[in-house]
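What the coordinates show
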Amino acid sequence: MATEHLGDRMGRLRRLAGLTQEGLAERSGVSVDVIRKLEQHRKHSARLPTLHALAKGLGAELTALLGDPPGVPSSGETEPPQLVAVRRAIMPPLFAPPAEPTGVEHLSLPLLRAELADGWTLYHSAGFGRLMEALPGIITDARLLAAVGDAEQRAAGQAALGKALQLGGHLAIRLGKTDLALSALERAYAAAGQSSDPLLAPMVSNSVAWAYQRQARLDDARNLAVHAADGVERECTGTAEGVRVWGGLLMSAATSYARSDDYETANVMMVEAEKAAGRLATLPPPAEGRLVSVFSRSSVRIERVRLAVQHERPEEALALAKGIRLSRDTPPSWRTWLLLDVARAHTDMGDAPGAVRALQSLRRVAPGWMRHHTLAVAIVSDLWNGPTRPPGLRKLAEFLGGAH
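Description of the structure in this document.

Parameters at a glance
- Residues numbered from 1 in each chain as written.
- Predicted model: local features only at pLDDT ≥ 70, side-chain atom pairs only at ≥ 80, totals over all residues.
- Heavy atoms only, no water.
- Helix = DSSP H or I, 4+ residues; strand = E, 2+ residues; numbered from the N terminus.
- Rg over C-alpha atoms; globule rule 2.2 N^0.38 Å.
- Contact = heavy atoms within 4.5 Å.
- Areas by Shrake-Rupley, 256 points an atom, 1.4 Å probe, with all protein chains shown as cover.
- Lys, Arg positive; Asp, Glu negative; His and termini not counted.
- Charge placed at Lys NZ, Arg CZ, Asp CG, Glu CD.
- Expected span 1.5 Å × (residues − 1).
- Salt bridge = Lys/Arg side-chain N within 4 Å of Asp/Glu carboxyl O.
- Buried < 20%, exposed > 50% of the residue type's maximum accessible area, 1.4 Å probe, protein only.
- Phe/Tyr/Trp six-rings, centres within 6.5 Å; stacked < 30°, edge-to-face > 60°.
- Lys NZ or Arg CZ within 6 Å of the ring centre and 35° of its normal.

1. Considering the overall build of the protein
Looking only at helices and strands, one finds 21 helices and zero strands in the protein. Computed over its C-alpha atoms, the radius of gyration of the protein comes to 22 Å, within 12% of the 22 Å expected for a compact globule of 404 residues. Each principal axis of the C-alpha atoms in the protein carries an extent, and together these give about 70 × 50 × 40 Å. Contacts in the protein between residues at least 24 apart in sequence constitute 69% of all its contacts with a sequence separation of at least 6. A total of about 18,300 Å² of accessible surface is found on the protein, and carbon and sulfur atoms cover 52% of it. Within the protein, one finds 47 positive and 43 negative side-chain charges whose respective centroids are separated by 6 Å.

2. Let's talk about helix α10 (residues 178-193)
With 16 residues, α10 ought to run about 22 Å at 1.5 Å a step, and its terminal C-alpha atoms sit 22 Å apart, in line with that. Where α10 is buried, its residues touch α5 (62-66), α6 (81-90), α9 (151-174) and α11 (200-214).

3. Here's the deal with the pattern of salt bridges
For the structure shown, the criterion picks out 16 salt bridges. In this structure, Lys37 engages Asp33 in a salt bridge whose closest nitrogen and oxygen atoms are separated by 3.4 Å. With a gap of four residues between them, Lys37 and Asp33 both fall in helix α3 (residues 32-39), about one helical turn apart. We classify Lys37 as partly exposed; its relative accessible area is 29%. Classification of Asp33 by relative accessible area gives partly exposed; the value is 36%.

4. Details of the packing of aromatic side chains
As enumerated under the stated definition, the model contains six aromatic pairs in all. Relative to Tyr123, the ring of Trp120 lies with its centre 5.9 Å away and its plane at 80°, an arrangement referred to as edge-to-face. Placement of the pair is Trp120 and Tyr123 together in helix α7 (residues 109-124), with a separation of three residues, close to one helical turn. When its relative accessible area of 5% is taken as the criterion, Trp120 is described as buried. Judged by relative accessible area, Tyr123 falls into the buried class, the value being 4%. Through successive ring pairs, a cluster of aromatic residues spans Trp120, Tyr123, Phe128, Trp334, Trp337 and Trp369. Stacked on the ring of Tyr257, the Lys or Arg Arg222 has its end atom at 5.0 Å from the ring centre. Note that Arg306 overlies the ring of Trp334, its terminal NZ or CZ placed 5.9 Å from the centroid.

5. A look at unusual backbone geometry
Phi is mostly negative for residues that are not glycine, and the peptide bonds are mostly trans. Even without being glycine, His41 reaches a positive phi, approximately 65°. You can see His41 is positioned in the loop between α3 and α4 (48-58). Given the relative accessible area of 34%, His41 is considered partly exposed. Not every positive phi belongs to a glycine, and Asp261 is a case in point at roughly 75°. Mapping Asp261 onto the fold places it in the loop between α13 (240-259) and α14 (263-277). Relative accessible area serves as the criterion here: at 44%, Asp261 is assigned to the partly exposed category.

6. Considerations on the environment of Gln153
Mapped onto the fold, Gln153 is located in helix α9. Each C-alpha atom of the pair Gln153 and Ser195 lies 9.5 Å from the other, and the pair is 42 residues apart in sequence. Once residues within four sequence positions are removed from consideration, Gln153 is found in contact with Leu145 and Val148.

Written out as structure tokens, the structure reads:
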């Protein structure tokens, strides 16, 4: 497949940093043997804590090392007009004269929130192209609603603006534009402070923590998630919305611990989160669940599977995955992660047919997400270079960019 090998990206970044393999080993704490095997294509992947250490040693973002995602060029080429429009919506021109409010009579908060919910559905379905086209208008309309009406109406508009900018931040992360994401999320947090939604700021904090993780700022991500979770736990866990936001933050903090190579602490936190998710069955569901953090027993178990895979515990991962009952509101993106991690675990166990079956399921369930995940390419590459090529592997390779 045409996707660049992890070892090639690492070697290029290492040379740009003026480091030898031994120098990178010293700066990252990763053995020179692992570095050499990756660069020589004798090893196709590494544990996520190892990747974070390598990124830190290279002075690069984790996304630069992973080459994830491939959706938008990051080589200095001109960005597509759709992304430019998203940038302009998130960060309006500094010295442009303020526009006269127009079309207010055609706007309504319920309509805008419905558009926002549809936007999040597009995001979770990997409809990034369609979302780039829709998002500038959503952000513009939200800014308008946040600026007109009485204080209560403006506060509700600010809540919608915060969710729109948070969505822009998530989209930017998926497109490999982490700095744009943080700009969007900083603006989302400011809107949350002027909004009528006490859970919006913690939700945005969770998004910021994710952006920090992508930049290998694991301490910053963990501290932010823990601080926000503590605030929600004190004041807002009497509703399903509050439990979902608190649980999402707890999972985020656990992920940061895991990526810092503290799997035991992460696992304790994830078990606590899974117990808390059981409370959701006793509470009235959110009025619009698509605008609240993803958190359920399914999502916690999916994240536990992922952390086990990333820490090279494939047997544990498969045991955790066995018998998962996905709730109806589990987004396609989360289903994708589960199937990818199951495929990775089967690959690590030497069960190539099992890995192919999981990838075939993924192709049926979420072909768009599969194309956006470099992990899918890495798994198929490992299987292709393995001792046997089970039936169905060639078609998967061709789907992801062509067989060798």
